[in-house]
Amino acid sequence: MSDPTRTSQSTRHATGPAGAAARTPAAAVAPTIRRPLTAAFRALITAAGLTGLLLAAGGAAPAALLTRFTVQANLVAALVFACSAHRAWTGRRALSPRLTGALLPFLFLPALLHYAFPAADSTAFALPHVSAPTVTQALSHQLLYAVIPLAALADWLLLTAPRGFRPACAWQWPAYPLLFLGFTFAFPAAAGAPSPGAGLALTIGLGGLLLPLIVIGIDQVRPAPRLRRNRISPTGIGPLK
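Please read all numbers here as calculations on a predicted model, not as lab measurements.

> Please clarify how the side chain of D219 should be interpreted in this entry.
By secondary structure assignment, the location of D219 is in helix 12 (residues 198-221). For D219, the side chain forms a polar contact with the main-chain nitrogen of G164, separated by 2.9 Å. Once residues within four sequence positions are removed from consideration, D219 is found in contact with W156, A161, P162, R163, G164 and F165.

> Hey, could you run me through the pattern of salt bridges in this one?
Oppositely charged side chains may form a pair once their charged atoms are brought near each other. As enumerated under the stated definition, the model contains two salt bridges in all. Between D155 and R42 there is a salt bridge, with the nearest N and O atoms lying 2.7 Å from each other. Remark: R42 occurs in helix 3 (residues 36-57) and D155 occurs in helix 8 (residues 135-159); sequence separation between them is 113 residues. The exposure class of R42 is buried, given its relative accessible area of 7%. When the shortest N-O distance is used, the salt bridge between D219 and R222 registers 3.1 Å.

> Help me understand the environment of T184, please; the structure alone is not making it clear to me.
Structurally, T184 can be placed in helix 10 (residues 175-186). As for T184 and S195, which are separated by eleven residues in sequence, their C-alpha atoms are 5.6 Å apart. The residues contacting T184, other than those within four sequence positions of it, are A124, A191, S195 and P196. Here L181 takes part through its backbone oxygen, which lies 2.6 Å from a polar atom of the side chain of T184.

> Would you explain helix 7 (residues 103-116) in this entry?
Residue pairs three or four apart in sequence face the same way in an α-helix, which turns once every 3.6 residues. End to end, helix 7 covers 20 Å across 14 residues, agreeing with the expected 20 Å (1.5 Å per residue, within 8%). Counting buried positions over the 14 residues of helix 7 gives ten, a clear majority of the element. Turning to helix 7, its buried residues number three or more, namely L103, L104, P105, F106, L107, L109, P110, A111, L113 and H114. Check the buried side of helix 7 and you find it contacts helix 5 (69-90), helix 6 (97-100), helix 8, helix 10 and helix 12.

> Would you explain the nonpolar core in this entry?
Membership of the largest hydrophobic core comes to 36 residues, with the highest contact counts inside it found for L107, F125 and W173. Looking at this core, the elements with two or more residues in it are helix 3, helix 5, helix 7, helix 8, helix 10 and helix 12. With sequence-adjacent residues up to four places away left out, W173 is seen in contact with P97, R98, G101, A102, P105, F106, F165, P212, V215 and I216. The next biggest cluster of nonpolar side chains, apart from the first, holds nine residues, and it includes L53, A56, A60 and V71.

> Help me understand helix 12, please; the structure alone is not making it clear to me.
With 24 residues, helix 12 should reach 34 Å at 1.5 Å per residue; the first-to-last C-alpha distance of 35 Å fits that figure. Within helix 12, burial applies to L200, A201, I204, G205, G207, G208, L211, P212, V215, I216 and D219.

> So what exactly am I meant to see when it comes to unusual backbone geometry here?
What is expected of a backbone is that most residues other than glycine have negative phi and most peptide bonds are trans. At R163, a position not held by glycine, the phi torsion is positive, near 60 degrees. Structurally, R163 is set in the loop between helix 8 and helix 9 (169-172).

Criteria and cut-off values
- Residues numbered from 1 in each chain as written.
- Predicted model: local features only at pLDDT ≥ 70, side-chain atom pairs only at ≥ 80, totals over all residues.
- Heavy atoms only, no water.
- Helix = DSSP H or I, 4+ residues; strand = E, 2+ residues; numbered from the N terminus.
- Polar contact = N/O pair within 3.5 Å; in protein donor to acceptor, adjacent residues only side chain to side chain.
- Contact = heavy atoms within 4.5 Å.
- Salt bridge = Lys/Arg side-chain N within 4 Å of Asp/Glu carboxyl O.
- Buried < 20%, exposed > 50% of the residue type's maximum accessible area, 1.4 Å probe, protein only.
- Expected span 1.5 Å × (residues − 1).
- Core = buried A, V, L, I, M, F, W, Y, C linked by side-chain atoms within 4.5 Å.

Spelled out as structure tokens, the structure:
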């Protein structure tokens, strides 16, 4: 015959702190995974983007600057990378790939237009055109058209897992550049630049549609990056093996 007193004590032990810990899901006690190197790299991208925007602001009125696609895309990129850096440093869940992935076509569209189609520099997709750019303006061009897009590409290929983009992104991401293109035709004065010609507008539209498809296609076949993550124990004393 079982002892009622012993049974009652066993029940109390099962419902005590140890019993509660035993019933706690494993995900709730998982160690925090911090990524300090990733956080540092993304913080550098943020700093470079803000520097490029500040240098560009030195030669144009703020209102005219904010109406440019390049400025809007890089401003969003700086904010997203700042948030991503904080999340990597604190070990929080990364931002949605739907948001971070959209930066790639948004950043590369004006960069490709700038280097492949010089006429596009007179449109609202480029920085305000100056006939004789200064050293600071030339540096801002290099940061916003080359450094930030390439850094965002490296971050995607080296620091994120593949196959995070969904097919729905193929029609969601082009919405912003296509709406912006329509805005430049409907309100050229508000855009601060003349509307692009038919041929250039077709090029911009095709670029806005094809770049997301290219990014999503590469994401489906690219290998996973082989990186070592720093695993910090819950006590913060040392790394977990």
